[in-house]
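Examining the three-dimensional arrangement
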There are 2 protein chains.
Amino acid sequence: MAAKPLGEFGRIARFFAPLALPGGLKLRDDVALIDGRRGEQYVLKADAIVEGIHFFANDPPADIARKLLRVNLSDLAAKGATPVGYLLSMALPRSHGDRWVAAFARGLAADQKKFHIGLFGGDSDATRGPVVLSLAAIGRVAKGRAMLRSGARVGDIVYVSGTLGDAALGLAAIKGQLGRLPPAVRRHLVRRYRVPEPRLALGRRLIGVAHASADISDGLVADLGHICDASCVGAIVEATRLPLSAAARHVVARAPRRIRAALTHGDDYELVFTAAPRTANRIATIARAAGIRVAAIGRVTAGRGVRVLGAEGRRMVLRRTGYRHF
Amino acid sequence: MAAKPLGEFGRIARFFAPLALPGGLKLRDDVALIDGRRGEQYVLKADAIVEGIHFFANDPPADIARKLLRVNLSDLAAKGATPVGYLLSMALPRSHGDRWVAAFARGLAADQKKFHIGLFGGDSDATRGPVVLSLAAIGRVAKGRAMLRSGARVGDIVYVSGTLGDAALGLAAIKGQLGRLPPAVRRHLVRRYRVPEPRLALGRRLIGVAHASADISDGLVADLGHICDASCVGAIVEATRLPLSAAARHVVARAPRRIRAALTHGDDYELVFTAAPRTANRIATIARAAGIRVAAIGRVTAGRGVRVLGAEGRRMVLRRTGYRHF
């Protein structure tokens, strides 16, 4: 009799967590920490993107490069780290010639300037399959100050940055699942799917204020769930408080079920973090300084797991909580 | 009219070297350096292996894991670094279930114990194509002491560790290109292809003695060529001095052309390094202490490029100098 598959997180807990160094934080965070220069730690993060999963074969190569870089910088942002540099591994089919690589490198160059980082090195290999791009990002943070998943406290407010659901709706738009959309709506959503915005300016300023922080790559409920698990707490989220862009509101007004894109779909790369209620004014000030909206969407509770309340406070039952690869 | 393709190294020089940080050493070395704890630097290396290129789909998963780890540790060894830990990115088809992942993790666990390292973190993604495994390794070295490619001096002796050509002959054996082989010969060669041995004990001891060092991943002539390019020198190698295993000698005795496996084929992961003639005795002592043979195979010259002399000192013309992915 075949055992039930462990799934992505089961595999990490069973097979890989026992292999982790202390700096690997039991693989319960999205990053690792090692000692750096005096008074500092390096924040390490490796994440890959795969053609057909995270991007499409005919996406502009510069956008693919920027997404690859930014999904990793987003994790550094969530920890409050300042990016330093990155290592790059590319597995490319031979059909991807110099022109593709040149455009890809131009995307990296543009974002290096924007985020004040550079390339440490890497390698490229030929593959007979889809493009697989892996990046290891290195940031730095004052020693002991990184915002981890594990610091949430009962009574904290749960906040998210920016707007949620855009990336998932952008993907649905590309797949033709949203019918006809006004061009500006479609453009906004697709852009958010293709080129996320790492919230570095916000993350840096939240150090010492937020108790726990993560980026939303798998989906709000899943990533807030990781914070809850690592902190041994639960959380309640009010769906009516989820911050939606005008474009997402346009879609949800016509198809209310699409609100779930904001709850359980990944790829938004906004920050979800918790902080004490008494720091609400300070967080509003920080958000203004960072130039990004921050919304209070719920609170941290005793117990375990994330509950989502819909209209009139009724609990929503979610078929899935976030993206899983396995 | 289409331009001539740049090739792997042309792409690095044209598109990626301009993106490199100072610690990226202009991408002319195999590693990057960043400041670490007081008096130390971290040595960073990322390398991927691809199913069908670096390993076969039906290879034991534990061997695949160990190869992935070791090809990266080999670069740390060449710099004289001590391994600390690694980040892992896996792109796996859904057909690779928990049993495959469990065996893969067991391979990592065995080598973690052997090399005193641990896992920092990573990620896994689903892919519809071949397995792509990327690893970023982190080592440490006393500040300013890492052995780079760029230190070779005219008059230096060129040395290699261990034996050359085994891995390429192992691959040829797997592909059925070597006819019938005695089982012990085949076993030795295939083992060398599947699970290389990073020369960490040797590399560490060569610090302060060797002027330049690299590991042989692309092929002796190619990797020594990288040292020559980075050092603005040339080199002469005497093919008759190449150290061959008993198994490789068995093959070459029957098919003399197969000597080229030792010259231009990669995957041996031995070290090639240069040092002043006056340190020959010291290098012999170091090799004994490290428990590995070291052979003098040539010398560093003025000029550029690597020349290979065959029997009776005649120059050998090589159709290719090493493995290239593009």
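Quick notes on the rules
Residues numbered from 1 in each chain as written. Chains lettered and ligands numbered in written order. Predicted model: local features only at pLDDT ≥ 70, side-chain atom pairs only at ≥ 80, totals over all residues. Helix = DSSP H or I, 4+ residues; strand = E, 2+ residues; numbered from the N terminus. Rg over C-alpha atoms; globule rule 2.2 N^0.38 Å. Buried ≥ 20, exposed ≤ 12 C-beta atoms within 10 Å, placed from the backbone. Contact = placed C-beta atoms within 7 Å. Domains from an automatic or database assignment. Nonpolar A, V, L, I, M, F, W, Y, C, P; charged D, E, K, R; others polar. Pairing = 2+ DSSP bridges. Axes fitted to C-alpha atoms, helices over the stretch in contact; angles between N-to-C directions. Parallel < 35°, antiparallel > 145°, perpendicular 65-115°, else oblique. Left-handed = near helix turned anticlockwise from the far one by under 90°. Least-squares fit on C-alpha atoms with pLDDT ≥ 70 in both. Core = buried A, V, L, I, M, F, W, Y, C linked by C-beta atoms within 7 Å. pLDDT = per-residue confidence, 0-100. Expected span 1.5 Å × (residues − 1).

**Some words on the overall build of chain A**
Each helix and strand in chain A was counted, giving 10 helices and 12 strands. Here chain A has a C-alpha radius of gyration of 19 Å; the compact-globule value for 326 residues is 20 Å, and the two agree. Seen through its C-alpha atoms, chain A measures out along the principal axes to roughly 55 × 55 × 55 Å. When burial is assessed residue by residue, chain A has 56% of its 326 residues classed as buried. Counting contacts in chain A only where the partners sit at least 6 residues apart, residues at least 24 apart contribute 84% of the total.

**Observations concerning the domain arrangement of chain A**
Residues and elements named next belong to chain A. For chain A, the assigned domains are domain 1 (15-142) and domain 2 (149-316). Put simply, the middle of domain 1 and the middle of domain 2, counted by C-alpha atoms, are 23 Å apart. Listed by partner, the interface residues are 19 residues for domain 1 and 19 residues for domain 2. Contributing elements (two or more residues each) for the side of domain 1 that touches domain 2: helix H2 (61-79) and strand E3 (82-92). For the side of domain 1 that touches domain 2, the per-class residue count stands at 6 nonpolar, 3 polar and 10 charged.

**A look at the sheet that holds strand E4 (residues 118-126) of chain A**
Two pairing modes exist for strands in a sheet, parallel and antiparallel, and in both the strands are linked by backbone hydrogen bonds. Residues and elements named next belong to chain A. Taking strand neighbours across the sheet as the criterion, the 5 strands line up as E1-E2-E5-E3-E4 in an open arrangement whose pairing is mixed. The sheet is open, and its two edges are formed by strand E1 (32-35) and E4, each paired on a single side. Pairwise comparison of adjacent strand axes, ignoring direction, gives a mean angle of 20° for this sheet. Relative to strand E5 (residues 132-142), strand E2 (residues 40-50) is paired through 11 bridges, and the arrangement is antiparallel. By the bridge assignment for E5, isoleucine 49 is matched with leucine 133. In the packing of H2 onto the sheet, the strands contacted are E2, E3 and E5, and the crossing angle to E2 comes to about 145°.

**Considerations on the interface of chain B and chain A**
Listed per partner, the contact involves 56 residues of chain B and 56 residues of chain A. Of all the secondary structure elements, the ones that give two or more residues to the side of chain B that touches chain A are helix H1 (7-16), strand E1 (32-35), strand E2 (40-50), strand E3 (82-92), helix H3 (98-115), strand E4 (118-126) and strand E5 (132-142) of chain B. With 9 residues, the single largest contributor to the side of chain B that touches chain A is E4 of chain B. Classifying every residue of the side of chain B that touches chain A by side-chain character gives 29 nonpolar, 16 polar and 11 charged.

**With respect to the packing of helix H4 (residues 166-174) of chain B against helix H5 (residues 183-194) of chain B**
Residue and element names in this part refer to chain B. At their nearest, the axes of H4 and H5 sit 7 Å apart, and the two run at 110° to each other. The orientation of H4 with respect to H5, classified from their angle, is roughly perpendicular. Note on packing geometry: the crossing formed by H4 with H5 is left-handed. Packed against H4, whose contacting residues are Asp166, Ala167, Leu169, Gly170, Leu171, Ala173 and Ile174, the element H5 presents Arg186, His188, Leu189, Val190, Arg192 and Tyr193 at the interface. Its residues placed into classes, the contact of H4 with H5 shows 8 nonpolar, 2 polar and 3 charged.

**A word on the sheet that holds E3 of chain B**
Residue and element names in this part refer to chain B. Read from one edge to the other, the open sheet built from 5 strands follows the order E1-E2-E5-E3-E4, with strand pairing classed as mixed. Looking at strand neighbours, the two that pair on one side only are E1 and E4, the edges of this open sheet. Strand-to-strand twist in this sheet, taken as the mean axis angle between neighbours without regard to direction, amounts to 20°. In the packing of helix H2 (residues 61-79) onto the sheet, the strands contacted are E2, E3 and E5, and the crossing angle to E2 comes to about 145°.

**Some remarks on the relation of the copies chain B and chain A**
Mapping chain B onto chain A leaves a residual RMSD of 0.0 Å; the transformation is a rotation of 180° accompanied by 0.0 Å of translation along its axis. In symmetry terms, the pair is related by a two-fold rotation axis.

**Things to note about unusual backbone geometry**
Residues and elements named next belong to chain A. Phi angles above zero are rare outside glycine, and cysteine 232 is one such case at about 55°. Looking at the element boundaries, cysteine 232 is found in the loop between helix H7 (220-231) and strand E8 (234-238). The class for cysteine 232 is exposed, based on 12 C-beta atoms found within 10 Å. If you check the backbone angles, glutamate 312 has positive phi at about 55° while not being a glycine.

**Some thoughts on the nonpolar core**
Side chains of nonpolar character tend, in soluble globular proteins, to be buried together. Tyr86 of chain A together with Tyr86 of chain B are the most contacted members of the largest nonpolar core, which totals 212 residues. Once residues within four sequence positions are removed from consideration, tyrosine 86 of chain A is found in contact with Leu69, Asn72, Ile117, Leu119, Phe120, Leu135, Ala136, Ala137 and Ile138 of chain A.

**Digging into the confidence of the model for chain A**
Across chain A, pLDDT averages 94, with 98% of residues at or above 70. We note a pTM of 0.93 for the whole complex and an ipTM of 0.91 for its interfaces.

**Notes on helix H7 (residues 220-231) of chain B**
Residue and element names in this part refer to chain B. Relative to the 16 Å expected for 12 residues at 1.5 Å per residue, H7 spans 16 Å between its end C-alpha atoms, a close match to the ideal helical length. Burial analysis of H7 places 10 of its 12 residues in the buried class, the great majority of the element. Restricting attention to buried positions, one finds in H7 the residues Leu220, Val221, Ala222, Asp223, Leu224, Gly225, His226, Ile227, Cys228 and Ser231. The inward-facing, buried residues of H7 abut strand E6 (157-161), strand E7 (212-215), strand E8 (234-238), helix H9 (260-264), strand E9 (271-275) and strand E11 (305-309). Cysteine 232 sits one or two residues past H7 and shows a positive phi near 60°.

**Examining the pairing of E5 of chain B**
Residue and element names in this part refer to chain B. With 9 of 11 residues buried, E5 is to be regarded as a mostly interior element. The pairing of E3 with E5 spans 9 bridges and is antiparallel. Opposite proline 83, over in E5, you have glycine 139 as the bridge partner.

**A few points about the environment of valine 131 of chain A**
Residue and element names in this part refer to chain A. With respect to the helices and strands, the residue valine 131 is situated in the loop between E4 and E5. Taking C-alpha positions, valine 131 is 5.0 Å from leucine 92, a pair spaced 39 residues apart along the chain. Here valine 131 is in contact with Glu51, Ala91, Leu92, Pro93 and His96, once residues within four sequence places are set aside.

**Describing the pairing of strand E9 (residues 271-275) of chain A**
All names here are of chain A. With respect to burial, E9 is a largely interior element, 5 of its 5 residues being buried. Of the two faces of E9, the one carrying Leu271, Phe273 and Ala275 and the one carrying Val272 and Thr274 are both buried. Sheet topology places strand E6 (residues 157-161) next to E9; 4 bridges connect them, and they run antiparallel. In the strand pairing of E9, isoleucine 157 is matched with alanine 275. Inspection of the sheet shows strand E7 (residues 212-215) paired to E9 by 4 bridges, in the antiparallel sense. Residue pairing in the sheet places serine 213 in a bridge with phenylalanine 273 of E9.

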